[in-house]
Amino acid sequence: MTGIARALRALAAAGAALLAVTAAAPVAAARTEPKAPPEFVDLRSVDRTIITEMRYTTAHNFMGEPVDGYRQPVCILTRPVAQALHTAQQSLLGQGYSLKVYDCYRPQRAVDHFVRWAKDLDDQAMKDEFYPVVDKTRLFEDGYIAEKSGHSRGSTVDLTLVKLPEQPTRPYEPGEDLAPCYAPEGERFPDSSVDMGTGYDCFDTLSHTDDPRVQGAQRTNRQFLKETLTGLGFVNLAEEWWHFTYRPELFPDTYFDFPVARRSVAGH
């Protein structure tokens, strides 16, 4: 074999090796995507009757776009939380109600997305619905956005009550006219939830669970949800009627970042 032939053969071998590495790179990256610890489950594997409306997989949220890390509309929680919700659901079904979850485990990458959005003061596309009277410059100071979320620990859930049979929520159309989240039930965006006085993720003091301005059926509905879950180990966040954390938490000091996807809890 001549020197030129040997050189050409070596170059060909080097090129083939480079192509092999490049082709394998996506596979290697996919294999390194974090998965949930075995203590996490898909809520539907524990209770298939709980209604799921995972808002952050859609554009109908305070940012107006799907949130980083929400790959599929699946509610992932630690197993004790899912089992406690199942117990609550069994009681509620007998009374003609169902739970509906809006958000469950939330990856850190999603929280980071919230933070980036909050710092972009020019992006106020969803203000008219979700934070009509709150200046966006105050979202951190007023506690609506933070750099860490209890949701990322896997024992916090955002949820509501639905009177059965459910009347499904119509799809949100990006760009449609927005009504304030605290408007009367017939004026704000429709939801299959019973009337809680505000919509989900309403950045307003009217969302405080025991706000004295919320009376009548709205107050009764909030208290019904709170009492149902409190008796099973959940603690309500006073500033958000929809936000509950199960205690004791399995991972009180860990903020996970695996994606919200069935693959993350496959086999659990």
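Parameters at a glance
Residues numbered from 1 in each chain as written. Predicted model: local features only at pLDDT ≥ 70, side-chain atom pairs only at ≥ 80, totals over all residues. Heavy atoms only, no water. Helix = DSSP H or I, 4+ residues; strand = E, 2+ residues; numbered from the N terminus. Areas by Shrake-Rupley, 256 points an atom, 1.4 Å probe, with all protein chains shown as cover. Expected span 1.5 Å × (residues − 1). Buried < 20%, exposed > 50% of the residue type's maximum accessible area, 1.4 Å probe, protein only. Lys, Arg positive; Asp, Glu negative; His and termini not counted. Salt bridge = Lys/Arg side-chain N within 4 Å of Asp/Glu carboxyl O. Polar contact = N/O pair within 3.5 Å; in protein donor to acceptor, adjacent residues only side chain to side chain. Contact = heavy atoms within 4.5 Å. pLDDT = per-residue confidence, 0-100. Pairing = 2+ DSSP bridges. Phe/Tyr/Trp six-rings, centres within 6.5 Å; stacked < 30°, edge-to-face > 60°. Axes fitted to C-alpha atoms, helices over the stretch in contact; angles between N-to-C directions.

## So, the overall build of the protein chain
Phase 1: The number of helices and strands found in the protein chain is five helices and seven strands.
Phase 2: The order of α-helices and β-strands along the protein chain, N terminus first, is α-β-β-β-α-β-α-α-β-α-β-β.
Phase 3: For the protein chain, the exposed surface amounts to about 13,000 Å²; the carbon and sulfur share of it is 56%.

## Examining helix H3 (residues 108–119)
Phase 1: In a regular helix each residue adds 1.5 Å, so twelve residues correspond to 16 Å; H3 covers 17 Å between its end C-alpha atoms and thus fits that length.
Phase 2: Of the residues making up H3, those classed as buried are Gln-108, Ala-110, Val-111, His-113, Phe-114, Val-115, Trp-117 and Ala-118.

## Considerations on the side chain of Asp-201
Phase 1: Mapped onto the secondary structure, Asp-201 falls in the loop between strand E5 (156–163) and helix H5 (216–230).
Phase 2: For the buried Asp-201, no salt bridge exists, and the shortest N-O distance to an oppositely charged side chain is 5.9 Å, to Arg-106.
Phase 3: A polar contact is formed between the side chain of Asp-201 and the side chain of Tyr-56, at a distance of 2.4 Å.
Phase 4: Setting aside its immediate chain neighbours within four residues, Asp-201 contacts Tyr-56, Phe-62, Phe-130 and Trp-242.

## Details of unusual backbone geometry
Glycine aside, residues mostly have negative phi, and peptide bonds are mostly found in the trans state.
Phase 1: A cis amide bond links Leu-164 to the next residue, Pro-165, at an omega of 0°.
Phase 2: Positionally, Pro-165 belongs in the loop between E5 and H5.
Phase 3: That bond from Arg-247 to Pro-248 is cis: its omega, -5°, falls within 30 degrees of zero.

## Structural notes on the side chain of Thr-209
Phase 1: Take Thr-209: it is sitting in the loop between E5 and H5.
Phase 2: Taking relative accessible area as the criterion, Thr-209 reaches 2% and is therefore assigned buried.
Phase 3: Reaching out from Thr-209, the side chain makes a polar contact with the side chain of Asn-236 at a distance of 2.6 Å.
Phase 4: Here Thr-209 is in contact with Arg-222, Gln-223, Lys-226, Asn-236, Leu-237, Ala-238, Glu-240 and Trp-241, once residues within four sequence places are set aside.

## Considering the confidence of the model for the protein chain
Phase 1: For the protein chain, the average pLDDT comes to 91, and 88% of its residues sit at 70 or higher.
Phase 2: In the predicted structure, residues 1–30 sits below a pLDDT of 50 and forms three contacts with residues beyond four places in sequence or in another chain.

## Details of the pairing of strand E4 (residues 97–103)
Phase 1: A large share of E4 lies buried, amounting to seven of its seven residues.
Phase 2: Across two bridges, strand E2 (residues 51–52) lies against E4 in parallel orientation. Residue Thr-52 lies in a different strand from E4, and its bridge partner there is Val-101.
Phase 3: When E4 meets E5, the two strands line up antiparallel, connected through six bridges. Paired with Leu-99 across the strands is Leu-161, a residue of E5.

## Examining the packing of aromatic side chains
Phase 1: Within the structure shown, the criterion is met by 23 aromatic pairs.
Phase 2: When the centroid spacing of 5.7 Å and the interplanar angle of 15° are considered together, the rings of Phe-40 and Phe-251 count as stacked. Of the two residues, Phe-40 sits in strand E1 (residues 40–42) while Phe-251 sits in the segment after strand E7 (243–246), which places them 211 residues apart along the sequence.
Phase 3: A residue is classified by how much of its surface remains accessible, and Phe-40, at 0% relative accessible area, is buried.
Phase 4: For the pair Phe-40 and Phe-258, a centre-to-centre distance of 5.2 Å together with 80° between the ring planes defines the contact as edge-to-face. Of this pair, Phe-40 sits in strand E1 while Phe-258 sits in the segment after E7, and the two are 218 residues apart along the sequence. With respect to burial, Phe-40 and Phe-258 carry one shared label: buried.

## Focus: the sheet that holds E7
Phase 1: Taken in spatial order, the five strands make up an open sheet running E2-E4-E5-E7-E6, and their pairing is mixed. Edge positions in the open sheet fall to E2 and strand E6 (234–236), since each of these has one partner strand only.
Phase 2: Packed onto the sheet, helix H2 (residues 79–93) meets E4, E5, E6 and E7 and runs at close to 145° relative to E4.
Phase 3: Contacts from H5 reach E4, E5, E6 and E7, with the element oriented near 125° to E5.

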